[in-house]
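# Chain and residue survey
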Amino acid sequence: MSTASRIIEEDSRYLMQSFSRWYPLVIERAKGSLVYDVDGKEYIDMNAGIGVMALGHGNEKIVHAVQEQMNKFFHYSLTDFYYDLAVRVARKLVSLVGFQGKVFYTNSGTESVEASLKIARGHTRRQYVIGFTNSFHGRTFGSMSFTSSKAVQRSSFSPLLPSTLLVPYPDRHNPLCREDCASAILDYIEDWVLKKIVDPNDVAGFLLEPIQGEGGVVVPPREFLQGLQRIARKHGILLILDEVQTGIGRTGKMFAFEHFGVEPDLVCLAKALGGGLPLGAVVGKSEIMDLPRGSHANTFGGNALALAAAEVVLEEVPRLLERVNAQGKIITDILSSSRSRYVEEIRGMGLMIGVDLRKDGEPYEEGLENVLRRSFERGVLAIGAGESVVRLLPPLVIEEELAKRGSSIIKEELDRL
């Protein structure tokens, strides 16, 4: 039995199997944009640990910063005491979002969403939050109440958070949305939801991803987000954007909302922020971040080691944005040359790219599984999204040669379908 097979067998024995693996990768080490398994095989990383490793694996600046911080202290509960590193990272985050704000640190994306819900309800004194179908916001009870990219994510866990509503997201694969339906959805929200289901004075916020990630890399029309912001401003509703996957340079701007010309009231962050260490944050307008003392805190949020890594991430990523867009175009151009009749659309921004596979107009799940498995066997690590979308989230620092080689292998596997 190989080392990988033994570990996979023991994993099944000792770990709760409430998650699905795409293929039998057993990682031993990684460097830059390359991953190595326990049997010594090398892989091109086209998913960056699900969008986390923005600066690649083993980034020397991050390693140095974390080691320096380890020599000072590992942890000393920020929500009970003070340290300068937390202030420095918060100051940098606020400078990057483009509005005068404050920060609350968390440990993960779902915690960031949970915190944003409490902030929105606490500030507005309203109870309802409106989310969007096909979204993914996390798996804890508050965030799960808005997660709806797959039914299994919610099955058997009801009752969920009350006073929540889900409305359609502008996706042309939605049967109610065969064409661009941004204006129809906005009209539905304003003329039906806010007049017939819930009074706008009872709605604390709209919660959505500016680009749906787990739902299939779905990019909405610019006018949709702008129209939603208009409705929000009209009724005093907060615009809460979940940038856990799209934030920190992934789309070629520091935050995806910059592509759409909107200004959120609250931004949820995690994944790439901590450089591989668990760290999330909510960045909100100063006047909104006003929960009373004692109403929200956590033990590990703003952990010193994670903040040391984040300080490097926030210094380095803004310098990479031009590169992100250039590398994204290279990958997209290669994938667009596929001759596969099953490739319906290639979409995304920057280095957040989705290849939508359809067979006879329906999601081609078997095709997705084949592309991911065969690419893995040839040394490329990609993941899926939605029902049948090949999702590419490589490190923002991926070398051009590796980006070309990895996307070429995926393109060849698309052609084999």
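The next point concerns the sheet that holds strand β4 (residues 101-106). Spatially, β4-β10-β9-β8-β7-β5-β6 is the arrangement adopted by the 7 strands of the open sheet, whose pairing is mixed. With one partner strand each, in any of the chains shown, β4 and β6 (164-167) form the two edges of the open sheet. For this sheet, the mean inter-axis angle between neighbouring strands, taken without regard to orientation, is 20°. The pairing of β4 with strand β10 (residues 280-285) spans 6 bridges and is classified as antiparallel. Looking at the pairing, Thr 106 lines up with Gly 280 of β10. Taken strand by strand, helix α7 (residues 182-197) contacts β5 (128-132), β6 and β7 (203-208), and its axis lies near 150° from that of β6.

This paragraph deals with the side chain of Thr 110. Residue position: Thr 110 is located in helix α5 (residues 109-124). Not counting residues within four places of it along the chain, the set of residues in contact with Thr 110 comprises His 137, Gly 138, Arg 139, Thr 140 and Ser 143.

Now for a negative patch on the surface. Among the surface-exposed residues, Asp 360, Glu 362, Glu 365, Glu 366, Glu 369 and Glu 387 lie close enough to one another that they form a single negatively charged patch. As for its placement among the helices and strands, Glu 366 is situated in helix α12 (residues 365-377).

Next up on the list: the sheet that holds strand β2 (residues 34-37). On the basis of which strands lie adjacent, the open sheet formed by 4 strands has the order β1-β2-β3-β14 and mixed pairing. Pairing within the sheet leaves two strands with one partner each, and these edge strands are β1 (27-31) and β14 (380-381). Pairing of β2 with strand β3 (residues 42-45) involves 3 bridges; the strand directions are antiparallel. Its bridge partner lying in β3, Leu 34 is registered against Ile 44.

Contact geometry of helix α11 (residues 321-336) with helix α13 (residues 400-416) gives a least axis separation of 8 Å together with a crossing angle of 25°. Classified by the angle between their axes, α11 and α13 sit roughly parallel to one another. Of the two elements, α11 crosses α13, and the hand of that crossing is right-handed. Together, Gln 327, Ile 330, Ile 331, Ile 334 and Leu 335 of α11 and Glu 400, Ala 403, Lys 404, Ser 407, Ser 408, Ile 410, Lys 411 and Leu 414 of α13 make up the contact between the two elements. Per-class residue counts for the contact of α11 with α13 are 7 nonpolar, 3 polar and 3 charged.

Looking at the secondary structure, you find Gln 69 in helix α3 (residues 60-72). With relative accessibility at 8%, the residue Gln 69 sits in the buried group. Those residues in contact with Gln 69, other than ones at most four positions away along the chain, are Leu 85, Ala 304, Leu 305 and Ala 308.

Cis peptide bonds are those with omega within 30 degrees of zero, and the linkage from Ser 158 to Pro 159 qualifies with 5°. Backbone geometry at Ala 48 places phi at a positive 50°, although glycine is not the residue there. Mapping Ala 48 onto the fold places it in helix α2 (residues 48-51). For Ala 48, a relative accessible area of 0% puts it in the buried group. Phi is positive for Ser 156, which is not a glycine, with a value near 75°. Mapped onto the secondary structure, Ser 156 falls in the loop between α6 (141-144) and β6.

Conventions used here
Residues numbered from 1 in each chain as written. Predicted model: local features only at pLDDT ≥ 70, side-chain atom pairs only at ≥ 80, totals over all residues. Heavy atoms only, no water. Pairing = 2+ DSSP bridges. Helix = DSSP H or I, 4+ residues; strand = E, 2+ residues; numbered from the N terminus. Axes fitted to C-alpha atoms, helices over the stretch in contact; angles between N-to-C directions. Contact = heavy atoms within 4.5 Å. Patch = residues over 30% accessible without salt bridge, like charges linked within 9 Å, V, L, I, M, F, W, Y side chains within 5 Å. Areas by Shrake-Rupley, 256 points an atom, 1.4 Å probe, with all protein chains shown as cover. Salt bridge = Lys/Arg side-chain N within 4 Å of Asp/Glu carboxyl O. Lys, Arg positive; Asp, Glu negative; His and termini not counted. Charge placed at Lys NZ, Arg CZ, Asp CG, Glu CD. Parallel < 35°, antiparallel > 145°, perpendicular 65-115°, else oblique. Left-handed = near helix turned anticlockwise from the far one by under 90°. Nonpolar A, V, L, I, M, F, W, Y, C, P; charged D, E, K, R; others polar. Buried < 20%, exposed > 50% of the residue type's maximum accessible area, 1.4 Å probe, protein only.

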